[in-house]
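Descriptive analysis of the structure
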Amino acid sequence: MPANNNAGFNTRAVHAGQAFEPRTGAVVPPLHFSSTYAQDGIGNLRDGYEYGRGGNPTRDALQEQLAALEGGTHAYSFSSGLAAEDSLIRAIARPGDHIVLGNDAYGGTYRLINRVLGGWGIGNSPVDMSDLDAVAAAVAANKTRIVWVETPSNPMMKITDIAALAAVAHDAGALLVVDNTFASPYLQTPLALGADVVVHSTTKYIGGHSDVVGGAIVVKDAELAEKIGFVQFAVGAVSGPMDAFLTTRGLKTLGVRMDRHSENGQAVAEWLLQRPEVEAVLYPGLPSHPGHELAKKQMKKFGGMVSVQFRGGEAAARTVAENTSVFTLAESLGGIESLMNYPSEMTHASVKGTELAVPVNLIRLSCGIEEAEDLIADLEQAFTKINS
Ligand SMILES: *Cc1c(COP(=O)(O)O)cnc(C)c1O
């Protein structure tokens, strides 16, 4: 079935790019490993396929599925989220250009922008994205080409108004890039709110099973798409066929998984909120969260990511992080199994000592699809280990 962009989300997730194989009728499109394609005479290609870096049917199927779910016209699948980000920035920024990004951006994104691309003359200013005046000032003070935001942000769970930020970026002739990894296209579609580009670490919710590393870019503009497609081809950070296949398989169930992740996130956040050990619960589904009303407006549900800060400081956070058994202590997020992360020493160790540093009393929970009661019981027994 061709991608019918009017169909509902789950219908698009299951069918976009997934037409059955015409020769045998195989319902699941075959996984194409071939690195090269026979030519019917010099330059006479079958369906445009020439060489695996330039095109692969399994990768194309994933790209079609991604574009249909984000409401874009073109999608590109990469070997990792950071590979996607690197190709994206090199496609649209040049030496002397500037990037304004959230001051709680994913640590790896900041490391790429600051320590790698900074060396090639691309400047950056980290600012609080929920303060639109501060963003506008940083954008105006430089030759800003890109405004880069994560909402919800990782791991501080801040919510930024995508439509308002798009207006700020466009007023200055810059592009708005939204890292939609935390929300996934099921909960939030930034292109419809005015963003120019969506990036993903498909390693997380899109793959959804902690068994593949990948990244993606989705756009809605043909000219921008051509620039990105050229860099993807010229630089070559494409996803391999097996990775693309696993990502497609995960993406088919994104909607049903996100419903469950969101239910569990809400239950865990509400439980944490009434615990005496807890100083703050950062979850946009709580009415007490400063971004709650905005999140209700621009997201379908609130997702499975919950950050929590402890009154007992670093010691309490470390104790809980090291004493759970249903939650696994590990980097990453978005899989069906619950994960626990201590950002200041794990995912965000690369920004320690900078203004992007994460509080030492914070742990980040990625609530999986297990039973909520089991997740809560696991946290409860870990809380008894905190020395009060
Ligand atoms: C993990 C992550 C990335 C980087 O993606 P990789 O697939 O690990 O390269 C970027 N942004 C966010 C929000 C992430 O969580």
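Predicted model only: the values in this text are computed from it and were never measured. (Residues numbered from 1 in each chain as written. Predicted model: local features only at pLDDT ≥ 70, side-chain atom pairs only at ≥ 80, totals over all residues. Heavy atoms only, no water.)

What to know about the site of the ligand
- Neighbouring residues of the ligand: 14 residues in total, closest Gly-81, Asp-179, Ser-201, Thr-203 and Lys-204.
- Residue Leu-82 places a main-chain N or O atom 2.9 Å away from an oxygen atom belonging to the ligand.
- In the model, an oxygen atom of the ligand is placed 2.8 Å from a nitrogen or oxygen of the Ser-201 side chain.
- The site holding the ligand turns out to be the second largest pocket.
- At three residues, helix H3 (residues 81-92) tops the list of elements feeding residues into the shell around the ligand.
- Partitioned by chemical class, the residues of the shell around the ligand number three nonpolar, seven polar and four charged. (Near = heavy atom within 4 Å. Polar contact = N/O pair within 3.5 Å; in protein donor to acceptor, adjacent residues only side chain to side chain. 1 Å grid on protein atoms, 1.4 Å probe; cavity = no way out; pocket = protein on both sides within 12 Å on 5 of 7 lines; lining within 4 Å. Sits in = over half its atoms within 2 Å of the grid points. Helix = DSSP H or I, 4+ residues; strand = E, 2+ residues; numbered from the N terminus. Nonpolar A, V, L, I, M, F, W, Y, C, P; charged D, E, K, R; others polar.)

Describing the layout of surface pockets
- The computed volume of the largest pocket comes to approximately 430 Å³.
- Looking at the lining of the largest pocket, the elements that each hand over two or more residues are helix H2 (57-70) and helix H9 (241-252).
- Here the residues of the lining of the largest pocket sort into 11 nonpolar, five polar and six charged.
- Roughly 230 Å³ of volume is contained in the second largest pocket.
- At three residues, the largest contribution of residues to the lining of the second largest pocket is made by H3.
- Grouping the amino acids of the lining of the second largest pocket by side-chain chemistry returns six nonpolar, seven polar and four charged. (Points joined across faces, edges and corners; volume = space filled by probe spheres on them.)

Here's the deal with the sheet that holds strand E8 (residues 278-282)
- Within the open sheet, the five strands sit side by side as E8-E9-E12-E11-E10. Their pairing is mixed. Each having just a single partner strand, E8 and strand E10 (328-329) make up the two edges of the open sheet.
- Sheet analysis places E10 next to strand E11 (residues 339-341), joined by two bridges and oriented parallel. From the neighbouring strand, Thr-328 faces E11, where its bridge partner is Leu-339. (Pairing = 2+ DSSP bridges.)

A word on the pattern of salt bridges
- Summed over the entire model, instances satisfying the criterion amount to 12 salt bridges.
- We note a salt bridge from Lys-301 to Asp-259, for which the minimum N-O separation is 2.8 Å. You can see Lys-301 sitting in the loop between helix H11 (292-298) and strand E9 (305-310) and its partner Asp-259 sitting in helix H10 (residues 254-273), a full 42 residues away along the chain.
- With a shortest N-O distance of 3.5 Å, Glu-293 and Lys-296 are connected by a salt bridge. In this pair, Glu-293 and Lys-296 both sit in helix H11, three residues apart, roughly one turn of the helix. (Salt bridge = Lys/Arg side-chain N within 4 Å of Asp/Glu carboxyl O.)

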